[in-house]
Amino acid sequence: MEQYTYYRPTQVTIDLEAIRNNVRNLKKYGIVSGGVIAVVKADGYGHGDVEVAAAALEAGAVMVSVATPDEAIRLRSKGINGDILVMGPSPITFAKKAAELGITLMVAEVGWLRQVLDESAEFEKQLKIHVKIDSGMGRIGLRDAGALQALISLVECSDQFVLDGIFTHFSCADEDRPYRTEEQFKLFMELVRMLPEKPRLVHASNSAATLLYPQFQLDAVRFGIGLYGIAPSEFVEGQLSFRLEKAMSIESELAFVKKVEANTAISYGGTYETKAAEWIGTIPIGYADGLKRGLRGQEVLIGGERMPIIGTICMDQCMVKLPREMSIGEKVVLIGRQGEEEIRLEEWAKRLDTIPYEIAVSIGRRIPRIYTGKERQHT
Ligand SMILES: *Cc1c(COP(=O)(O)O)cnc(C)c1O
């Protein structure tokens with residue numbers, strides 16, 4: 001298929017070599033000895049689900065995981081042939097399709113399995129399941145021995161299901177209070193020990209736990225935000241003994257440059273007024289692209305220098321105060337490196353009083369994703 005040419009110079013570049021290195025480095029630096037489950041939910045945290053899944057599998061990930069049935073179907077239909085786990089709830093009606101597509105489903109209660117047996121005709125292929133234990137997250141999952149026992153009994157007397165895994169999720173692993181995570185792990189393992197036979201994959205750790213608690217890695221870790229080169233929190237970043245490699249950068253160009261006199265109002269509401277004669281540049285990126293209005297004042301890089309976004313950020317464009325005359329077409333880096341300087345997603349997150357996860361997933365799909373470091377061609 002012919003590559004579509006984008007005419008707007010704003011683009012997101014995803015370095016797939018960084019994704020692969022973030023998987024490989026877990027082994028290389030002795031952090032993970034078992035498997036890596038690459039978490040590619042929410043379109044690969046905004047990086048592109050199919051491309052990231054393929055790169056992670058190339059680097060040796062044992063499985064990829066998503067949040068929803070539709071995300072799993074999409075990966076399969078785009079040629080991702082490895083194991084796929086749906087970590088969030090699936091409707092009963094999806095069970096048969098999941099079995100056909102070889103998609104592994106999370107099960108959080110025995111009633112779900114019973115209903116699948118009641119409402120579906122015999123599957124041609126068995127449905128692989130991972131049982132979810134709620135060890136303290138308080139979201140979904142079995143919470144006690146009785147519930148787990150009931151589920152095991154049902155799985156044992158049906159040949160429709162394969163108990164391929166059991167897992168839990170930590171709520172505070174990215175914070176400086178290990179007792180929470182330790183408690184959750186202990187509770188989880190007590191339940192795991194009840195199983196008559198250990199399933200293939202017992203897993204608990206998200207990125208934060210992977211990086212901070214190697215003793216909890218079990219058979220596999222679910223590596224999400226770290227896969228993209230972003231630390232789960234400042235606390236975790238401070239503890240790292242190696243560098244996560246950033247995969248995403250966002251670039252554009254100056255689309256318009258002008259010199260204005262003192263007291264010139266810029267953008268909606270005229271809330272920015274020049275104090276003296278100023279050079280103002282316009283960049284074709286706005287809040288519809290994920291450059292939220294709250295990012296007014298955030299700096300961008302041009303020619304390796306930082307300069308601030310001024311005035312109200314528009315839906316499709318924003319203005320920046322230039323230190324001197326600059327040319328139309330000059331490269332602008334919104335996220336990434338230029339010369340000695342770097343602007344990270346984390347900086348945006350801080351300004352918006354949120355976490356980098358939320359920034360990554362809200363980079364608009366209108367901006368094309370350009371992939372570098374491809375190992376082979378995926379369509
Ligand atoms: C999103 C998610 C992960 C990945 O978390 P990160 O902090 O991004 O590593 C792991 N497990 C479950 C159940 C999740 O929902």
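In this text the structure is predicted, and so the values were computed from the model without any measurement. (Residues numbered from 1 in each chain as written. Predicted model: local features only at pLDDT ≥ 70, side-chain atom pairs only at ≥ 80, totals over all residues. Heavy atoms only, no water.)

So, the packing of helix α6 (residues 110–119) against helix α7 (residues 145–156)
So the rule is basically this: Angles run from 0 to 180 degrees between N-to-C directions of axes, and those axes are lines fitted to C-alpha atoms, restricted for helices to the stretch in contact. Only DSSP runs of H or I reaching four residues or more are called helices, and only runs of E reaching two or more are called strands; each is numbered from the N terminus. Each angle gets one of four labels, with under 35 degrees taken as roughly parallel, over 145 as roughly antiparallel, 65 to 115 as roughly perpendicular, and the rest as oblique. Note on convention: near helix rotated counterclockwise from far helix by under a right angle means a left-handed crossing. Clockwise means right-handed. A contact between two residues is defined here by any heavy atoms of the two lying within 4.5 Å. Following the grouping adopted for this structure description, the nonpolar residues are Ala, Val, Leu, Ile, Met, Phe, Trp, Tyr, Cys and Pro, the charged ones are Asp, Glu, Lys and Arg, and the polar ones are all others, Gly among them.
Relative to each other, α6 and α7 sit at 25°, their axes nearing to 9 Å. Taken as axis vectors, α6 and α7 run roughly parallel relative to one another. For α6 against α7, the interelement crossing comes out left-handed. Counted together, V110, L113, R114 and L117 of α6 and A150, L151, L154 and V155 of α7 form the full contact between these two elements. Partitioned by chemical class, the residues of the contact of α6 with α7 number seven nonpolar, no polar and one charged.

Re the UniProt feature "binding site: substrate" (unreviewed entry) in the chain
Quick reminder of the rule: UniProt positions are given in the numbering used here, feature names are shortened, and annotations may be inferred rather than shown by experiment. In this analysis, the protein atoms alone were mapped onto a 1 Å grid. Cavities are point sets where a 1.4 Å probe fits without being able to get out; pockets are open sets with protein on both sides within 12 Å along at least five of seven lines; lining residues have an atom within 4 Å of a point. In this scheme, a residue with accessible area under 20% of its type's maximum is buried, one over 50% is exposed, and one in between is partly exposed, where area comes from a 1.4 Å probe on protein chains only.
Taking the UniProt record as the reference, the feature "binding site: substrate" (unreviewed entry) is found at R139 and M315. A stretch of 177 residues holds the annotated residues, and the largest C-alpha distance among them is 35.1 Å, long enough that they do not meet in one place. For the second largest pocket, the lining residues drawn from the annotated set are R139. Position of R139 among the secondary structure elements: in the loop between β6 (127–133) and α7. Non-local contacts of R139, meaning those with residues more than four positions away in its chain, are made with D134 and H169. Counting through the fold element by element, M315 comes out in the loop between β16 (305–310) and β17 (318–322). On the accessibility criterion, M315 (40% relative accessible area) is partly exposed. The residues contacting M315, other than those within four sequence positions of it, are G286, Y287, A288, D289 and R366.

What about the environment of S233?
In this fold, S233 is placed in the loop between β9 (220–223) and α10 (234–239). Classification of S233 by relative accessible area gives buried; the value is 17%.

Focus on the state of the cysteines
The criterion, for reference: Two cysteine sulfurs form what is called a disulfide whenever their separation falls within 2.5 Å.
Counted according to the given criterion, the structure contains zero disulfides. Residue C318 stays outside any disulfide, its sulfur separated by 7.8 Å from that of C314, the closest cysteine. Note on C318: relative accessible area 0%, which makes it buried.

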